[in-house]
Amino acid sequence: MSRATRVIINNKEIKTWDAIGIVFPGNNQVNTCSISGLPRSMESARFFNTEVVVYLNYNDNIPIFRGIVKEIKPSSGTISINSYDARN
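Heads up: these notes are all about the structure in this document. Only a predicted model underlies this, so the values are computations on that prediction, with no experimental measurement involved.

## Overview of the sheet that holds strand β6 (residues 65–74)
Then, number 1: Spatially, the seven strands line up as an open sheet ordered β2-β1-β5-β6-β7-β4-β3, and their pairing is antiparallel. Each of the sheet's edge strands pairs with one partner strand only, and the pair in question is β2 (12–14) and β3 (19–23). For this sheet the average axis-to-axis angle between neighbouring strands, irrespective of direction, equals 30°.
Then, number 2: Bridge analysis of β3 against strand β4 (residues 31–39) gives five bridges, and the strand direction is antiparallel.

What follows is the structure, encoded as structure tokens:
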């Protein structure tokens with residue numbers, strides 16, 4: 001995704017991330033969004049079960065993805081999260 005993409009986690013805009021992947025598998029399967037490269041300084045934030053909203057373009061009014069964080073993966077320098085949206 002480009003830097004024009006806007007990411008909001010738990011009602012706070014996140015300005016620093018490396019990559020975003022959104023999958024819409026269809027066939028009544030869960031839509032997923034993975035965000036990697038979140039700063040390690042956000043480790044103390046409460047991510048689990050919080051809302052993730054991703055807008056494709058910064059000025060969009062309708063998000064391309066809206067879901068709930070269900071997986072958090074800390075690494076040596078960054079944090080990655082996976083969120084799920086059951087609405088199809």
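## Considerations on the environment of Val7
Then, number 1: Relative to the helices and strands, Val7 resides in strand β1 (residues 6–9).
Then, number 2: Between the C-alpha atoms of Val7 and Val53, which are 46 residues apart in sequence, the distance is 6.0 Å.
Then, number 3: Apart from residues lying up to four places away in sequence, Val7 is in contact with Lys12, Glu13, Ile14, Trp17, Ile20, Ile35 and Val53.

## Re the pairing of β4
Then, number 1: In this structure, β4 lies alongside strand β7 (residues 78–85), joined through seven bridges in antiparallel fashion. In the strand pairing of β7, Asn31 is matched with Asp85.

## Some thoughts on the pairing of β7
Then, number 1: As judged from the six bridges shared by β6 and β7, these two strands associate in the antiparallel manner. Residue Pro74 lies in a different strand from β7, and its bridge partner there is Ile79.
Then, number 2: Counted between consecutive antiparallel strands, the loop separating β6 from β7 contains three residues.

## Some words on the pattern of salt bridges
Think of it this way: side chains of opposite charge can pair up when their charged atoms draw near.
Then, number 1: All told, the structure shown has three salt bridges when counted by the stated rule.
Then, number 2: Among the ionic pairs, Glu13 bridges to Lys15, the shortest N-O distance being 3.8 Å.
Then, number 3: With a shortest N-O distance of 4.0 Å, Glu71 and Lys73 are connected by a salt bridge.
Then, number 4: What makes Glu71 partly exposed here is its relative accessible area of 31%.

## Considering the nonpolar core
Most often, soluble globular proteins keep nonpolar side chains buried together rather than apart.
Then, number 1: Ile9, Ile35, Leu38, Phe47 and Ile81 are the most contacted members of the largest nonpolar core, which totals 17 residues.
Then, number 2: Broken down by secondary-structure element, the contributors of at least two residues to this core are β1, β3, β4, β5 (51–55), β6 and β7.
Then, number 3: Counting residues per element, this core draws most heavily on β4, which supplies three residues.
Then, number 4: When sequence neighbours within four positions are dropped, the list of residues in contact with Ile9 reads Ile14, Leu38, Phe47, Thr50, Glu51, Val52 and Ile81.

## A few points about unusual backbone geometry
Then, number 1: You will see that Asn10, though not glycine, has its phi angle at about 55°, which is positive.
Then, number 2: Note on Asn10: relative accessible area 38%, which makes it partly exposed.
Then, number 3: Residues other than glycine seldom take positive phi values, yet Asn49 does so here, at roughly 65°.
Then, number 4: Relative to the assigned elements, Asn49 resides in the loop between β4 and β5.
Then, number 5: Asn49 sits in the partly exposed class, given a relative accessible area of 43%.

Criteria and thresholds
- Residues numbered from 1 in each chain as written.
- Predicted model: local features only at pLDDT ≥ 70, side-chain atom pairs only at ≥ 80, totals over all residues.
- Heavy atoms only, no water.
- Pairing = 2+ DSSP bridges.
- Helix = DSSP H or I, 4+ residues; strand = E, 2+ residues; numbered from the N terminus.
- Axes fitted to C-alpha atoms, helices over the stretch in contact; angles between N-to-C directions.
- Contact = heavy atoms within 4.5 Å.
- Salt bridge = Lys/Arg side-chain N within 4 Å of Asp/Glu carboxyl O.
- Buried < 20%, exposed > 50% of the residue type's maximum accessible area, 1.4 Å probe, protein only.
- Core = buried A, V, L, I, M, F, W, Y, C linked by side-chain atoms within 4.5 Å.

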